[in-house]
Number of protein chains: 2
Amino acid sequence: MKTIELEDDLYRYIASQTQDIGESASDILRRLLALPTEHATANKNAVSVEDSSSLLERATEQNRVESQVVVSSPSSVIETNPAVVVDLAPIVTNLPASIDKLIKDKEFKNISVSVTKFIQILSVLYAEHPTEFQAATEIKGRKRIYFAKSEKALLSAGSTTKPRKIEHTPFWVITNTNTGRKRNMITQLMAEMGYPHSLIDAVSQSI
Amino acid sequence: MKTIELEDDLYRYIASQTQDIGESASDILRRLLALPTEHATANKNAVSVEDSSSLLERATEQNRVESQVVVSSPSSVIETNPAVVVDLAPIVTNLPASIDKLIKDKEFKNISVSVTKFIQILSVLYAEHPTEFQAATEIKGRKRIYFAKSEKALLSAGSTTKPRKIEHTPFWVITNTNTGRKRNMITQLMAEMGYPHSLIDAVSQSI
DNA sequence: GATCTGATCGAAGGGATCGTTG
DNA sequence: TCCAACGATCCCTTCGATCAGA
């Protein structure tokens, strides 16, 4: 996400062009400028600019689907510690069930805080492929470890890593990183999990 | 100057349309949108030097009218609890039935206490779209919750939150906030409810 | 818990920037 | 010495709630 400043009247004009309740500035401007949506664009680029691998990637994607034999791990074992402690039942934010859904989601796009998007992405990645996620969770930095099943583990592997729980998941992540690193972490993780290059890029850029 | 967030590719596209070195985002967008320069615009608007909002409001009204598809929920259920309890029968201030009406209302504008305006706005928002209001009621701060159906709930989620009942509504709000935060709360709430950006701004600024 | 409003200032969170390491 | 990758300090923003002011 980029931020730009507009003169007030111009801002008002653009806002007044809202057609669907809740539209983002990007949505409105794309329409006004008669630009294709992000995805259309992304696809075009994938084919023309990038490389010929797009075909390959598509094939890869199929492979993935077929190989989806994953056994759901006994997350229950870990889920035993949940929030009963917490007073007000945390309203379960219904996240989409797949990442490509998530990154297209209106609400998701409107989130301005990148940590939030980061966590939600991780949450959905886990939901899709818990086993692969768990395996990919090994990725780490020079001194810090990125993922763990306890806050303490992350805390003890660096200073002020700002661990955060990944909702609906037994994992925690470090959070004291710039956005670039968050993208790297997503990229590494998804690569490890076996996602196609194109999707990985799309997800990383969505932060 | 207003700030908006754009998706990265859109930002890049706009930046790439620079024709004169040093052009601002506003300059570029005006050209792309084939809009007159600020001066031309300013003259047109000149009618209302003070609050440039008159134009805004007009435009806003149109948007809203079209989108008025919301189903009115059985507010009667709640209307059963009215004020008979209260000592001095509060003269039921007949609030307008829609927010844009409310914020244009003479009486409303004359209210100097922002809490009062804050509550009235909430009351009208509820009247317009009870269901959406209820859903949007989830918004909260870091420690405090902002809305609840009981005073106690608000009291227990922070210290001295000064809960107040929102008239003609099953909800309570916290009130121990500065005006800026009250505006934020309105902004968040209305956004969540799906109101167009322009109206949201107008309402927030009316506090 | 009882005066009420809300600005001010302190606390916490987010993440860019800059220092460190290999 | 320089470069790339990584770490985490620290600045800025957002939020909370005390307490000044009426």
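Residues numbered from 1 in each chain as written. Chains lettered and ligands numbered in written order. Predicted model: local features only at pLDDT ≥ 70, side-chain atom pairs only at ≥ 80, totals over all residues. Heavy atoms only, no water.

## Here we look at the protein's contact with DNA strand D
And then number 1: The full set close to DNA strand D counts 21 residues, and A:Arg142, A:Arg144, A:Asn176, B:Arg142 and B:Asn176 are the nearest of them.
And then number 2: For DNA strand D, the backbone portion of the atoms within 4 Å of the protein, that is sugar and phosphate, comes to 69%.
And then number 3: One of the backbone nitrogen or oxygen atoms of B:Arg142 is found 2.7 Å away from a phosphate oxygen of DNA strand D.
And then number 4: B:Arg181 has a polar side-chain atom sitting 3.3 Å from a phosphate oxygen of DNA strand D.
And then number 5: Residues of the surface near DNA strand D, tallied by class, amount to 2 nonpolar, 11 polar and 8 charged. (Near = heavy atom within 4 Å. Polar contact = N/O pair within 3.5 Å; in protein donor to acceptor, adjacent residues only side chain to side chain. Nonpolar A, V, L, I, M, F, W, Y, C, P; charged D, E, K, R; others polar.)

## With respect to the protein's contact with DNA strand C
And then number 1: Close contacts around DNA strand C come from 23 residues, with A:Ser114, A:Val115, A:Asn178, B:Ser114 and B:Lys162 the closest.
And then number 2: The sugar-phosphate portion of DNA strand C accounts for 53% of its atoms within 4 Å of the protein, the bases making up the rest.
And then number 3: The contact in question runs from a phosphate oxygen of DNA strand C to an N or O atom on the backbone of B:Thr179, over 3.1 Å.
And then number 4: Only helix 8 (114-128) of chain A together with helix 8 (114-128), helix 10 (151-155) and helix 11 (179-193) of chain B provide two or more residues apiece to the surface near DNA strand C. (Helix = DSSP H or I, 4+ residues; strand = E, 2+ residues; numbered from the N terminus.)

## A short note on helix 11 (residues 179-193) of chain A
All names here are of chain A.
And then number 1: Spanning 15 residues, helix 11 covers 21 Å between terminal C-alpha atoms, matching the ideal 21 Å at 1.5 Å per step.
And then number 2: All of the buried residues along helix 11 are Lys182, Met185, Ile186, Leu189, Met190 and Met193. Buried residues in helix 11, looked at end-on, bunch into an arc of 120°, giving them a common side.
And then number 3: Following helix 11 by one or two positions, Gly194 adopts a phi angle in the positive range, close to 100°. (Expected span 1.5 Å × (residues − 1). Buried < 20%, exposed > 50% of the residue type's maximum accessible area, 1.4 Å probe, protein only. Arc of directions from axis to C-beta.)

## Quick look at the sheet that holds strand 4 (residues 172-173) of chain B
All names here are of chain B.
And then number 1: Judged by pairing direction, the sheet is antiparallel, and its 3 strands sit side by side in the order 2-4-3 without closing on themselves. On the outer flanks of this sheet lie strand 2 (147-148) and strand 3 (164-165), each paired with one strand and no other.
And then number 2: Bridge count between strand 2 and strand 4: 2 bridges; the pairing is antiparallel. Residue pairing across strands places Phe147 opposite Val173, the latter belonging to strand 4. (Pairing = 2+ DSSP bridges.)

## Regarding the side chain of A:Ser114
Residues and elements named next belong to chain A.
And then number 1: With respect to the secondary-structure elements, Ser114 resides in helix 8.
And then number 2: A relative accessible area of 17% places Ser114 in the buried class.
And then number 3: Ignoring sequence-local partners within four residues, the contact set of Ser114 consists of Thr179, Lys182 and Ile207. (Contact = heavy atoms within 4.5 Å.)

## Things to note about unusual backbone geometry
Residue and element names in this part refer to chain B.
And then number 1: For Thr160, which is not a glycine, the phi torsion comes out positive at approximately 45°.
And then number 2: Residue placement: Thr160 occurs in the loop between helix 10 and strand 3.
And then number 3: The class of Thr160 is exposed, set by a relative accessible area of 54%.

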